[in-house]
Each structure stands twice: as structure tokens, then as C-alpha cells.
Amino acid sequence: MTDLHPFIAGLPKAELHVHHVGSASPRIVAELAARHPDSKVPTDPEALADYFTFTDFAHFIEVYLSVVDLVRTPEDVRLLTFEVARDMARQNIRYAELTITPYSSTRRGIDEKAFMEAIEDARRAAEKELGVILRWCFDIPGEAGLEAAAETARLAVDLRPEGLVSFGLGGPEIGVPRPQFKPYFDAARAAGLHSVPHAGETTGPETVWDAIRELGAERIGHGTSSVRDPELLAHLAEHRIALEVCPTSNIATRAVADLDAHPVKEMVAAGVLVTINSDDPPMFGSDLNNEYAVAARLLDLDERGLAQLAKNAVEASFLDPAGKEKLNAEIDTYTEQWLAR
Ligand SMILES: [Zn+2]
């Protein structure tokens, strides 16, 4: 069997479901921890590798929150954002919609305008210096309730940074019904932002229906349980509502028992627009290239199949038409050149 890793590594890619703090690699965490010596996070790479070895989901949340705690100043925000883009550039990710939870930073006392300036400064630098186009999805941390929802909508609509394209909803699904967030999604959508809530990761297909009907979802974060409802799959396929599939994350959080049981095959067979993403890559010991390799195995893809997967992400993205055309052309040229070697 052909080793597809070298092809994947050079393939120009777009990523649609990846979290800001959740993308902090041990290298970035070490830099942030060095800026804040009072934190309990280790600064040397070896100790950090141990620190990043998760024993269970509760441990993952604990580590995640300790990284959140390292982002204290606008300069930390800028550093994190730009360095995440550097890790993306190394994987040949050319375009990414990064999910940011501004509420966790503003609540911690970072000035909201300085926060927006920091991410925008990093975005411009990433495009210019690294060739990575970044866009933002501001998401509501569902567990923080309606106050957080109102605050996130206010930040998105009133302070709207140039790179902001969408509005999301993350955190736990169990006990956090999607319909309660309708007014905030309505406000964001009225301001021209796209709707991309997480749904159907840890709960059933009814949550995905709620996301579509109540929140106007144009893409679904995860949507793993959609395969339990054929009518839902048909609806997703017909309306080109893409699923943001994150295989390794689904195993790490136990949304899916093991990779071989991953329902991505059924999604594709039903004609759903499937995109492959990494979610919180270093925290799950993965990256987008690895997720593409996993997808190639699960879906039995060759180089052209992988190129199509990359183009699915371009189609489902909120990049402008000219940008989409350019990225698709890059993917095609790369693939044809690779196959003609
Ligand atoms: Zn996510």
C-alpha cells in the first residue's frame, strides 16, 4: 500500500473546526508558561510532554483550563494566535477558521478592544509572513450559560473584528439544550455572521435538528450521531450542511468507541458534505495531517480522494469565491504534479 503521508503533508488544506486555546502545542505552552513563571505549568518540553499525556477526559479539561489561565494579556493572545498559525503553516494548512472563545479572555480581565486588536494583528501577520489565511468563529461556551451567550453575541456584533465570519456554540451538550441560544444566534446572523454550532457529538440526532431549526446551522460541529437518523442525513446532504468531522477527538472524548467504529463512512455514503478537522490537535496528540491519514484509512482513499476531501473543506468554508477558486486550483495543481512524478 502506498504511504500517503508525504502526499498529505504537502497537500494544501483548509481547516474549519479547530479551537484557539486547544491548538496550543507544547512548544507554545512552554513559551506562555515562561512568560508567567507563577503558573504551575512546566516550561521544559520533556515535562510538558508528560503534562500533555491525558489520563481521562477530566484531566484533559484540567490541562485545557490551565492553558486558558496562561493567556492573560493581549500579548499572550497575539503570541498564541500567531504561533498556532505557524504550526498550521508547517502542515501546509492554507486557510483556517479558528474557533475563539472571547468570553473566557474578557471575563479574565483582558480588555475587549485590546483582545480584538491582538487577534487581528496576528491574523494579518500570519497571512503576510506565513501565507496562512485566518478567519474567526466566536463561540459561546455553552456551560457558562446565557450570560456568556449574550456577552459573546455583543462582542461579535459590536466589536466585530475584520476576520470574524461565524458564530458558534461549544462546551457540553448534555444539559445544555441548543434552543435556548436562539436569540443570540439570531442577532449574530442578522449581523451577517454564519451559524456553526457544535451538535450531535455527545447527544443524539435531535440536537442536530435543533441546531438546524433553531440556530440556523450552516455547518455542524461533529454531528457524529447524525448517522442514527436517515432523514437527518438526507436533509444534511440535500442542503449541503457540512459536517465537521474530527476523528481522533471523537475517540479521545469517547463520542465514538474506536476509530474503526467511526461513522464517517456512513456520512459519506449518504452524500453528506464531510470535512476532516483536528478540533484540539496537540491535546489529542494529533494534527490535521494525521486526521487526513486516518480519514484515508477509514474511507479507503487514494491521492485524488484526499484532494477531494481538501476541496470539501474549501466548499464548506466561508472564504470568498475568488479565494475558494484559488485554493481549489492549488489543490488540483499539487495533486496532478504529485501523480505525474
Ligand atoms: Zn470543537
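Summary of the structure given here. (Residues numbered from 1 in each chain as written. Predicted model: local features only at pLDDT ≥ 70, side-chain atom pairs only at ≥ 80, totals over all residues. Heavy atoms only, no water.)

**So, the overall build of the chain**
Convention followed: Helix and strand labels come from DSSP, where a helix needs a run of H or I of at least four residues and a strand needs a run of E of at least two; each type is numbered from the N terminus. In this description the radius of gyration comes from C-alpha coordinates, and the expected globular size is given by 2.2 Å times residues to the power 0.38. Classification of residues uses two cut-offs on accessible area relative to the type maximum, computed with a 1.4 Å probe and protein chains only: under 20% is buried, over 50% is exposed, and between them is partly exposed. Should any heavy atoms of two residues lie within 4.5 Å, those residues are considered in contact.
For the chain, the count of helices and strands is 16 helices and 9 strands. Against the compact-globule benchmark of 20 Å for 341 residues, the chain has a radius of gyration of 19 Å, which places it among compact chains. Structurally, the chain occupies a C-alpha span of about 50 × 45 × 40 Å along its principal axes. Going through the 341 residues of the chain one by one, you find that 59% of them count as buried. When contacts within the chain are restricted to residue pairs at least 6 apart in sequence, long-range pairs at least 24 apart make up 73% of them.

**Observations regarding the coordination of the zinc ion**
Put simply, the test is: Water is not part of the atom set, so a site may look incomplete; the donors themselves are N, O and S atoms within 2.8 Å of the metal, or 3.2 Å for Na, K and Ca. The geometry test gives tetrahedral to four donors whose angles all lie between 85 and 135 degrees, gives square planar to four donors and octahedral to six donors whose opposite members are over 155 degrees apart with all other angles between 65 and 115, and gives irregular to the rest.
Here the zinc ion is held by the protein donor atoms His17 (NE2), His19 (NE2), His198 (NE2) and Asp279 (OD), which lie 2.1 to 2.4 Å from it. One can describe the site at the zinc ion as irregular: its 4 donor atoms subtend angles covering 85 to 173 degrees at the metal. Read N to C, the donor residues that coordinate the zinc ion are spaced as H-x1-H-x178-H-x80-D. One end of the pair, His198, is in strand β6 (residues 198-199); the other, Asp279, is in the loop between β9 (274-276) and α14 (288-299), with 81 residues separating them in the sequence. The two residues His198 and Asp279 agree in class, both being buried.

**Notes on the side chain of Asn250**
Here Asn250 lies in helix α12 (residues 247-252). Beyond its immediate stretch of four places on either side in the chain, Asn250 contacts Glu201, His222, Thr224, Ala255, Val256 and His262.

**A closer look at α14**
The criterion, for reference: Expected helix span is taken as 1.5 Å per residue step, with the number of steps being one fewer than the number of residues. Think of a polar contact as two N or O atoms within 3.5 Å of one another; within protein, one of them needs to be a possible hydrogen donor and the other a possible acceptor, and neighboring residues in sequence only count if both atoms come from side chains.
Its 12 residues give α14 an end-to-end C-alpha distance of 16 Å, which sits within 8% of 16 Å, the value for a rise of 1.5 Å per residue. Across the 12 residues that make up α14, a large majority, 10, are buried. Inspection of α14 places Leu288, Asn289, Glu291, Tyr292, Ala293, Val294, Ala295, Ala296, Leu298 and Leu299 among the buried residues, and these make up the whole buried set. By the N-cap criterion, in which a side-chain oxygen at the helix start approaches the backbone nitrogen of a residue two or three places on, α14 is capped by Asp287, the distance to Asn289 being 3.2 Å.

**Topic: the pattern of salt bridges**
Rules: Any Lys or Arg side-chain nitrogen located within 4 Å of an Asp or Glu carboxyl oxygen qualifies as a salt bridge.
For the structure on display, the rule yields 24 salt bridges. A salt bridge links Arg27 to Glu31, with the shortest nitrogen-to-oxygen separation between them at 3.8 Å. Of the two residues, Arg27 and Glu31 both sit in helix α2 (residues 26-35), 4 residues apart, roughly one turn of that helix. Arg27 sits in the partly exposed class, given a relative accessible area of 29%. Close ionic contact of Arg94 with Glu330 constitutes a salt bridge, the shortest N to O distance being 2.8 Å. Separated by 236 residues along the polypeptide, Arg94 in strand β2 (residues 93-100) and Glu330 in helix α16 (residues 321-339) bring together distant segments of the chain. Residue Glu330 is classed as partly exposed on the basis of its relative accessible area, which comes to 24%.

**Focus: the sheet that holds strand β1 (residues 13-19)**
Where we set the bar: In this scheme, strands are said to pair when DSSP sees at least two bridges between them. In this analysis, axes come from line fits to C-alpha atoms, helices being fitted only over the stretch in contact, and the angle between any two N-to-C directions falls in the range 0 to 180 degrees.
Taking strand neighbours across the sheet as the criterion, the 5 strands line up as β1-β2-β3-β4-β5 in an open arrangement whose pairing is parallel. Strands with a single pairing partner mark the edges of an open sheet, and in this sheet they are β1 and β5 (194-195). Strands β3 (133-141), β4 (164-170) and β5 of the sheet are contacted by helix α9 (residues 182-190), whose axis makes an angle of about 170 degrees with β4.

**Examining the sheet that holds β9**
With respect to topology, 4 strands assemble into an open sheet ordered β6-β7-β8-β9, the strand pairing being parallel. Both edges of this open sheet fall to β6 and β9, since each of them pairs with a single strand only. Taken together, the 3 bridges between strand β7 (residues 219-222) and strand β8 (residues 242-245) define a ladder with parallel strand orientation. Across the sheet, residue Gly221 finds its bridge partner in β8, namely Glu244. Taken strand by strand, helix α15 (residues 303-316) contacts β7, β8 and β9, and its axis lies near 105 degrees from that of β9.

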